[in-house]
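# A look at the structure
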Amino acid sequence: MQTRILATSDSAETAPDAEAETAKGAPKPSIKQALLAAIFAAAIVTIILLAFSWPTVTSEPKDLSVAAVGDQKQIDQITANAPDGMLDLKKVDSRAEAQQLIREREVYGAFIVGDEPEILTSTAASPAVAQQLNGIASQMQQKIDKQAISGMQDGMKEMQDALAKASQGPASQSPASQGPAGPQENPGEQAQAPATSAMEVPQVTVTDVVPLNDNDSTGAGLAIAGLPLTIGGIVGGVLTSMIVHSRRMRAVAVLAYGAIGGLALTLVLQSWFGILQGNFGLNVLAAGLAVAATAALINGFVSLIGPGGIAIGAVLTMFIGNPIASLQAPKEFLAGAWGDIGQFLVPGASGTLLRDLSYFPGAPMTMQWWVLIGWFVLGIALILVGHLLAHSKKRAAVS
């Protein structure tokens, strides 16, 4: 009995000491750590905000490729009246040639100047550019109307002068002009001049050569279609890298995900929502290659450096590639060369490719296909390199 009491007392004495040691070994709460965590989190949020808002805030149309049919003087006048640096006019010989360039997505629109002025647009290529061209059309019409009104006013003044001269009587006129109908015919003829001028005022017409589909009349659906492709690629890459532990099987999983994911996304975007147009099979291939390229890239980085590779792949596609992909506005709206750079990343290449497949089947698409294939092959290559490095480390450890 005494032994038990002693044992209990010993344990009671050592318990507080253990608690003290545990409390002593644990890190003490630090306001410095709390502030550092808050600053780091705020910096991340600021970077994300800048990544997604900067392209929109700094966007400005420049060097927009637009065809022009007319003589050089008329083309120079169009350039002078447009905002500085906005247009890059390409002189063509006919309206038909301008339409062909629009359908091949070589230009965003065209100016047809002459007796019947017309502006050709393409909302499928870019609703933003079509809106800019519509604004120029309104300015042109206002200028034409102003000139017509000025001409009518000059005609009215001439008519009033003629009437005043006629009202002075036969004494102020030469004998040759004093015939019975002489003084009455001149004012009558000039009185018709303003009315005739008003009837002949040219009207600027706007023709949408490649319009958007009725299911996506504003182009918003096609603009945001790139986002599920980007997110889908990231999600697929994260899940396959976490669930599939064999590096070789990750490559197989990426291939399967590209096929299934491309089919599922195209069924929703084309068959259900009607956003995508054109050949269904080619759209499936493009969407599948887009998500597979991102998923392969994430798996490749994970195979090389571990779970930290997820962050590299996500940043490269979501926070760098997506903001400069030119999905909502053309690449000419972005500052510097960022618009062109964005076309060599997965979001930009896939967005442009799906737009061309839907509305511009005659446009050159080779570059977009090869960009997506290149990123996909790079991801698979990184997976295989990671597989070989892991096996070489195991052999070295065994030996």
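Every value quoted in this text rests on a predicted model; they were computed, and no experiment measured them.

It is worth spelling out the packing of helix 8 (residues 226–243) against helix 11 (residues 308–321) at this point. It is the contact of helix 8 with helix 11, at a shortest axis distance of 10 Å, that shows an interaxial angle of 175°. Relative to helix 11, helix 8 is oriented roughly antiparallel. Across the interface between the two elements, Leu227, Thr230, Ile231, Ile234, Val238 and Ser241 from helix 8 touch Ile310, Ala314, Thr317 and Met318 from helix 11. For the contact of helix 8 with helix 11, the class distribution of residues is seven nonpolar, three polar and no charged.

One non-glycine residue, Asp63, adopts positive backbone phi at about 50°. Within the secondary structure, Asp63 is located in the loop between helix 2 (31–57) and strand 1 (64–69). When its relative accessible area of 47% is taken as the criterion, Asp63 is described as partly exposed.

So, about the pairing of strand 3 (residues 109–112). The alternating pattern of strand 3 places Gly109 and Phe111 on one face and Ala110 and Ile112 on the opposite face, and all of these are buried. The pairing of strand 1 with strand 3 spans four bridges and is classified as parallel. Counted as the bridge partner of Val69 is Ile112 from strand 3. Alignment of strand 3 against strand 4 (residues 118–121), held across three bridges, turns out to be antiparallel. When the sheet's bridge partners are listed, Ala110 is paired in strand 4 with Leu120.

Below, the discussion takes up the sheet that holds strand 4. Taken in spatial order, the five strands line up as 2-1-3-4-5 in an open sheet, and their pairing is mixed. One side of each edge strand has no neighbouring strand; the edge strands of this open sheet are strand 2 (87–91) and strand 5 (205–208). The average undirected angle you get between the axes of adjacent strands in this sheet is 25°. Across five bridges, the pairing between strand 1 and strand 2 is parallel. Paired with Leu64 across the strands is Leu87, a residue of strand 2. The sheet strands contacting helix 3 (residues 72–81) are strand 1, strand 2 and strand 3, and the helix crosses strand 2 at an angle near 170°. With respect to the sheet, helix 4 (residues 95–103) is in contact with strand 1, strand 3, strand 4 and strand 5, its orientation differing from that of strand 4 by roughly 20°.

Taken as a whole and judged by the stated rule, the model has one aromatic pair. Judged by centre distance (5.0 Å) and plane angle (35°), the rings of Trp272 and Phe273 are tilted.

Moving on, we come to the nonpolar core. Leu87, Phe111 and Phe376 are the most contacted members of the largest nonpolar core, which has 74 residues in total. Ranked by residues supplied to this core, first place goes to helix 10 (residues 280–305) with eleven residues. Sequence-distant contacts of Phe111, defined by excluding residues within four places in its chain, comprise Val66, Ala67, Ala68, Val69, Ile78, Leu87, Leu89, Glu118, Ile119, Leu133, Ile136 and Met140. By size, the runner-up hydrophobic cluster in this structure holds six residues, among which are Ile234, Val238, Ile298 and Met318.

Looking now at the side chain of Thr121. Positionally, Thr121 belongs in strand 4. Beyond its immediate sequence surroundings of up to four residues, Thr121 is in contact with Tyr108, Gly109, Ala130, Leu133, Val206, Thr207, Asp208, Val209 and Val210.

What follows deals with the packing of helix 13 (residues 346–359) against helix 14 (residues 366–398). Look at helix 13 against helix 14: their axes get within 9 Å of each other, and the N-to-C directions meet at 140°. By the angle between their axes, helix 13 is oblique relative to helix 14. The way helix 13 lies across helix 14 gives a crossing that is left-handed. Of the residues in helix 14, those touching helix 13 at Val346, Ala349, Ser350, Thr352, Leu353 and Leu357 are Gln368, Trp369, Val371, Leu372 and Trp375. Here the residues of the contact of helix 13 with helix 14 sort into eight nonpolar, three polar and no charged.

On to a nonpolar patch on the surface, then. Where nonpolar side chains cluster on the molecular surface, the patch consists of Phe40, Ile44, Ile47, Ile48, Phe52, Val315, Phe319 and Ile320 and spans about 680 Å² of accessible area. Of all elements in the fold, only helix 2 and helix 11 reach the threshold of two or more residues within the nonpolar patch. Looking at the nonpolar patch element by element, the count peaks at five residues for helix 2. Note on placement: Ile48 falls in helix 2.

Cut-off values and rules
Residues numbered from 1 in each chain as written. Predicted model: local features only at pLDDT ≥ 70, side-chain atom pairs only at ≥ 80, totals over all residues. Heavy atoms only, no water. Axes fitted to C-alpha atoms, helices over the stretch in contact; angles between N-to-C directions. Helix = DSSP H or I, 4+ residues; strand = E, 2+ residues; numbered from the N terminus. Parallel < 35°, antiparallel > 145°, perpendicular 65-115°, else oblique. Contact = heavy atoms within 4.5 Å. Nonpolar A, V, L, I, M, F, W, Y, C, P; charged D, E, K, R; others polar. Buried < 20%, exposed > 50% of the residue type's maximum accessible area, 1.4 Å probe, protein only. Pairing = 2+ DSSP bridges. Phe/Tyr/Trp six-rings, centres within 6.5 Å; stacked < 30°, edge-to-face > 60°. Core = buried A, V, L, I, M, F, W, Y, C linked by side-chain atoms within 4.5 Å. Left-handed = near helix turned anticlockwise from the far one by under 90°. Patch = residues over 30% accessible without salt bridge, like charges linked within 9 Å, V, L, I, M, F, W, Y side chains within 5 Å. Areas by Shrake-Rupley, 256 points an atom, 1.4 Å probe, with all protein chains shown as cover. Salt bridge = Lys/Arg side-chain N within 4 Å of Asp/Glu carboxyl O.

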